[in-house]
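Listed below, chain by chain, are the residues.
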Amino acid sequence: MKILVTVKEVAHVDDEFEIDGLGIDDRYVTYDLNEWDDYAVEAAVQIQEAGDDVEVVAVTIGDADTEDTIRQALAKGADRAIRVWDDALADAGLLDPETKARLIAAVAAEEDPDLVLTGVQSADDGFGATGVTLAEHLGFEWGAVVNALDLDREAGIAHVHRELEGSVEELTDVELPAVLTIQTGINEPRYASLRGIRQAQSKELAEYSLSDLDLTPADVESSLEQTDLYEPESESEATVFEGSAEETASELAGLLREKGVGS
Amino acid sequence: MTVLTVAEHRRGELRDVSLELLTAGRELADATGGELHTAVIGGDVEAFAERLNRVGVDAIHTVDEGEEFNHDVYTQVVTQLVEAVDPDLLVMPNSVNGLDYAPAVASRLDWPLVTDVVDLGYDDELTATRELYGSKVETTIDVHADRAAVTVRPAEWPVAEGSGDATVESFDADIDESAVRSTVTGFEEVGGGDVDITDADVLVSVGRGIEEEENLDMIFDLAETLDATVSASRPLIDNNWLEKDRQVGQSGSVVTPDVYIAIGISGAVQHVAGMKGSDTIVAINTDPNAPIFDIADYGIQDDLFDVVPALIEEFGG
Ligand SMILES: Cc1cc2nc3c(=O)[nH]c(=O)nc-3n(C[C@H](O)[C@H](O)[C@H](O)COP(=O)(O)OP(=O)(O)OC[C@H]3O[C@@H](n4cnc5c(N)ncnc54)[C@H](O)[C@@H]3O)c2cc1C
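Residues numbered from 1 in each chain as written. Chains lettered and ligands numbered in written order. Predicted model: local features only at pLDDT ≥ 70, side-chain atom pairs only at ≥ 80, totals over all residues. Heavy atoms only, no water.

For chain B, the name recorded in an unreviewed UniProt entry is Electron transfer flavoprotein subunit alpha, with Haloarcula pellucida as its organism. Per UniProt, chain B carries the Sequence similarities (unreviewed entry) text "Belongs to the ETF alpha-subunit/FixB family." (UniProt positions renumbered as here; feature names shortened; annotations may be inferred.)

The name recorded for chain A in an unreviewed UniProt entry is Electron transfer flavoprotein subunit beta, from Haloarcula pellucida. Annotation of chain A in UniProt includes, under Sequence similarities (unreviewed entry), the sentence "Belongs to the ETF beta-subunit/FixA family."

Pasting the structure below:
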């Protein structure tokens, strides 16, 4: 059995930051593995550890700078990794879910996985749509926002819980092959061990360009164009207490007492 | 342009977002001089249609297929409805179920999709506004296409009001059962433990800013001092530091206490969905740009590890 798990390096913006054109000035940005993908990797590795013939392949779309991040997936137990990048992608503009799904579908066409695990969303652009779009491209079944997964390989079914709004979960049986988008809390992602980190250095990390995937720059052109990026006008009407912690705490205590709290 | 929205219901209840989509859809239809259609799929479609018949709705399409949501059925039905109604814009909810079929529909139609939009405009072409980086910045997206699909963030548009005079038509979808490869077998309520945060007058709510599980002692001390209940944002429940009963937000509980004190919580949209109805909201956060301050009544922009002990001291704790 083969599991493809998609991972993305996401940007975190500092408390104070500046906008530079259509992006955040790089001085105020740090990069890390997407929180949701960390849970997807863990879910894949747990299935691999429970069976003896399961291969986990991590795939990412990103330039050479993202290698450290995808190596985290290898350090946590993925068997090998694929990084898709092409200069044409840097020029293509918005990498929307459709474009990303097209790229990953081309990888999946070669890898022929039984199960694809993605994160529910990425922490930076938060489209939350790449996994289901990918399923549609592959003709796979799918399930979005999965927070429990019980795989019956023999029957070819994934018994999942989908986390709905308001503390309600939907119990669903999904036929394989399938794409599942994984929600935080489904498991406890491991920390990479030193041994894992060392081993990751020697695991295969393949690079694919568009032409390697039989795609052309026209295939990754999106009809969505990002035209503006700005800080929203603050809607805040909050009274902000100023001063040292003692001073602000004292003011807050006064307010709370006024409201009958703690008195 | 003709706008088609798709309603959402669960276990017999039409969800509010269905009526919000009508407002968003009507705005676009008005701006472009077009019609607003809405569709409801499955369940008691007649009763749902009555509720959807609000001012500004031109046509309601009822599709009597199944009781509950199934993404394979929804994807097929919506694709066929688009063929029949021929809309220029398809508007779906950015809910958990919306995200389970909208991307499949858009991809099948080969229409561009913009998810989680908070504003929509039309100026020769569709423009959509969405948030990035945990609501710290907003971005505008121009849609260079004649037809497009969007999912709309819940609670951004008001619900459509009044009773309308829409035509109600039943639509016969042709479902390919062999393509229905997922089965909903039931629902499960989660939580339901000993703590009832929905009943509390005062909530001391803690987020990822607390950093370590051990540091929670301080939060419980504060809660005890204030005779309050401890609640939390999701990461603390994901980490198993606190029980699911204590989670505030979209996938946890909706709370409306007299006082909600958010400590080290950024104010993500899924969190705010669960606490914005609180009478008085106090936020303690080091990041002056944290979105929690947008809905807070009082704020302290400082380190919780300094402020919380000082606050406990104020109350002689
Ligand atoms: C489908 C779905 C459903 C979800 N449902 C929920 C839900 O029900 N409830 C929920 O809460 N989330 C939910 N989320 C997750 C949500 O998107 C956020 O990831 C989450 O709310 C973030 O929690 P947080 O604010 O505690 O953490 P963060 O966003 O990491 O914020 C931590 C905050 O602490 C501040 N901070 C750090 N150190 C300090 C310090 N020393 N002193 C003061 N402040 C400090 C930081 O400035 C930051 O603002 C859901 C997500 C999805 C996709």
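**Student:** So what about the overall build of chain A? Which residues, and what values?
**Tutor:** Summing up its helical and strand segments, chain A has 7 helices and 15 strands in all. If one aligns the C-alpha atoms of chain A with their principal axes, the spans along those axes are about 65 × 40 × 40 Å. In chain A, once contacts between residues fewer than 6 apart in sequence are set aside, the share between residues at least 24 apart is 69%. Carbon and sulfur atoms make up 42% of the accessible area of chain A, which amounts to about 11300 Å² in all. Both charge centroids of chain A, one from 17 positive and one from 62 negative side chains, sit 7 Å from each other. (Helix = DSSP H or I, 4+ residues; strand = E, 2+ residues; numbered from the N terminus. Contact = heavy atoms within 4.5 Å. Areas by Shrake-Rupley, 256 points an atom, 1.4 Å probe, with all protein chains shown as cover. Lys, Arg positive; Asp, Glu negative; His and termini not counted. Charge placed at Lys NZ, Arg CZ, Asp CG, Glu CD.)

**Student:** Outline the packing of helix α5 (residues 216-226) of chain B against helix α9 (residues 304-314) of chain B, listing residues and values.
**Tutor:** Residues and elements named next belong to chain B. The geometry of α5 relative to α9 is characterised by a closest axis approach of 9 Å and an angle of 30° between their N-to-C directions. Handedness of the crossing formed by α5 with α9: left-handed. Within the contact between the two elements, α5 uses Met218, Asp221, Leu222 and Thr225 and α9 uses Leu304, Phe305, Val308, Pro309, Leu311 and Ile312. Class assignment of the residues belonging to the contact of α5 with α9 gives a composition of 8 nonpolar, 1 polar and 1 charged. (Axes fitted to C-alpha atoms, helices over the stretch in contact; angles between N-to-C directions. Left-handed = near helix turned anticlockwise from the far one by under 90°. Nonpolar A, V, L, I, M, F, W, Y, C, P; charged D, E, K, R; others polar.)

**Student:** Please give an account of the site of the ligand that cites residues and values.
**Tutor:** Taken together, 29 residues lie around the ligand, and Ser233, Val248, Ser266, Gln270 and Asn285 of chain B are the ones closest in. Residues close to the ligand are split across chains A and B. With respect to the ligand, the side chain of His271 of chain B contributes an N or O atom lying 2.9 Å from an oxygen atom. Leu304 of chain B places a main-chain nitrogen or oxygen 2.8 Å from a nitrogen atom of the ligand. Notes on the ligand: free accessible area 990 Å², of which the protein chains cover 86%. Every element with two or more residues in the shell around the ligand is listed here: α6 (234-238), α7 (269-272) and α9 of chain B. A breakdown of the residues in the shell around the ligand according to their chemical character gives 7 nonpolar, 16 polar and 6 charged. (Near = heavy atom within 4 Å. Polar contact = N/O pair within 3.5 Å; in protein donor to acceptor, adjacent residues only side chain to side chain.)

**Student:** How would you explain the interface of chain A and chain B if you had to name every residue and give the values?
**Tutor:** With 84 residues of chain A at the interface, the matching set in chain B holds 87 residues. The junction of chain A with chain B conceals about 7200 Å² of combined surface from both sides, 52% of it contributed by carbon and sulfur atoms. Along the contact surface separating chain A from chain B lie 6 salt bridges. With its nearest N and O atoms 2.9 Å apart, the salt bridge here joins Arg234 of chain B to Glu163 of chain A. At the boundary of chain A and chain B, one finds 48 residue pairs in polar contact (both at pLDDT 80 or more). The biggest single contributor to the side of chain A that touches chain B is helix α7 (residues 245-258) of chain A, with 10 residues. A per-class count over the side of chain A that touches chain B returns 33 nonpolar, 25 polar and 26 charged. Direction of pairing for strand β15 (residues 239-241) of chain A relative to strand β18 (residues 298-300) of chain B: parallel, over a ladder of 3 bridges. Within the sheet, the bridge partner assigned to Thr239 of chain A lies in β18 of chain B and is Tyr298 of chain B. (Buried area = accessible area lost by both parts, 1.4 Å probe. Salt bridge = Lys/Arg side-chain N within 4 Å of Asp/Glu carboxyl O. Pairing = 2+ DSSP bridges.)

**Student:** So, a negative patch on the surface: which residues are in play, and what are the values?
**Tutor:** Taken together, the side chains of Glu242, Glu246, Glu247 and Glu251 of chain A together with Asp306, Glu313 and Glu314 of chain B define an acidic patch exposed on the protein surface. Counting only elements with at least two residues in the negative patch, the list comes to α7 of chain A together with α9 of chain B. For Glu314 of chain B, the position within the fold is in helix α9. Look at Glu314 of chain B and you get partly exposed, because its relative accessible area is 31%. (Patch = residues over 30% accessible without salt bridge, like charges linked within 9 Å, V, L, I, M, F, W, Y side chains within 5 Å. Buried < 20%, exposed > 50% of the residue type's maximum accessible area, 1.4 Å probe, protein only.)

**Student:** Can you tell me about the UniProt feature "domain: Electron transfer flavoprotein alpha/beta-subunit N-terminal" (unreviewed entry) in chain A, naming the residues and giving the values?
**Tutor:** The UniProt record annotates "domain: Electron transfer flavoprotein alpha/beta-subunit N-terminal" (unreviewed entry) at residues 21-217 of chain A. As annotated, residues 21-217 of chain A comprises 32% helix and 30% strand, and the C-alpha atoms at either end are separated by 24 Å.

**Student:** Break down the side chain of Asp96 of chain A for me, with residues and values.
**Tutor:** All names here are of chain A. On the secondary structure map, Asp96 appears in the loop between α3 (87-91) and α4 (97-111). No salt bridge is formed by the buried Asp96, whose closest oppositely charged neighbour, Arg102, lies at an N-O distance of 7.5 Å. Within the structure, the side chain of Asp96 is placed 3.5 Å from the side chain of Ser222, a separation counted as a polar contact. Sequence-distant contacts of Asp96, defined by excluding residues within four places in its chain, comprise Phe127, Ser222 and Leu224.

**Student:** An account of the sheet that holds strand β14 (residues 224-230) of chain A is needed here, citing residue identities and associated values.
**Tutor:** Pairing is antiparallel across the open sheet formed by 4 strands, whose spatial order is β14(A)-β10(B)-β9(B)-β8(B). Looking at strand neighbours, the two that pair on one side only are β14 of chain A together with β8 (119-123) of chain B, the edges of this open sheet. Direction aside, the axes of adjacent strands within the sheet are offset by 25° on average. Pairing of strand β9 (residues 125-132) of chain B with strand β10 (residues 137-143) of chain B involves 7 bridges; the strand directions are antiparallel.

**Student:** Any details on the sheet that holds strand β10 (residues 157-163) of chain A? Residues and values, ideally.
**Tutor:** With mixed pairing, 10 strands are arranged side by side in an open sheet as β13(A)-β7(A)-β6(A)-β1(A)-β8(A)-β12(A)-β9(A)-β10(A)-β11(A)-β13(B). Bordering the open sheet on either side are β13 (205-208) of chain A together with β13 (182-189) of chain B, each of which pairs with just one other strand. Pairs of neighbouring strands in the sheet enclose a mean axial angle of 30°, with direction left out of account. In terms of strand pairing, strand β7 (residues 80-84) of chain A meets β13 of chain A through 4 bridges, oriented parallel. Paired with Arg83 of chain A across the bridge in β13 of chain A is Glu207 of chain A.

**Student:** Describe unusual backbone geometry, with residues and values.
**Tutor:** All names here are of chain A. The omega torsion across Leu176 and Pro177 is 0°, close enough to zero to call that bond cis. The backbone of Asp112 sits at a positive phi, close to 55°, despite the residue not being glycine. Relative to the helices and strands, Asp112 resides in the loop between α4 and β8 (115-119). Using a relative accessible area of 59% as the deciding quantity, one classes Asp112 as exposed.

**Student:** How would you summarise the domain arrangement of chain B if you had to cite specific residues and measurements?
**Tutor:** Residues and elements named next belong to chain B. Each assigned domain of chain B is listed with its residue range as follows: domain 1 (3-179) and domain 2 (191-316). Counting residues at the interface gives 6 residues for domain 1, matched by 5 residues for domain 2. Carbon and sulfur atoms make up 58% of the surface buried where domain 1 meets domain 2, a total of about 400 Å² over both sides. Its largest share of buried area at the contact with domain 2, domain 1 owes to Ser135, Lys136 and Arg153, together 65% of the area lost on that side. Put simply, Lys136 and Asp287 hold a salt bridge, and the shortest N to O gap is 3.1 Å. Across the contact surface, domain 1 and domain 2 share 1 residue pair in polar contact (both at pLDDT 80 or more). (Domains from an automatic or database assignment.)

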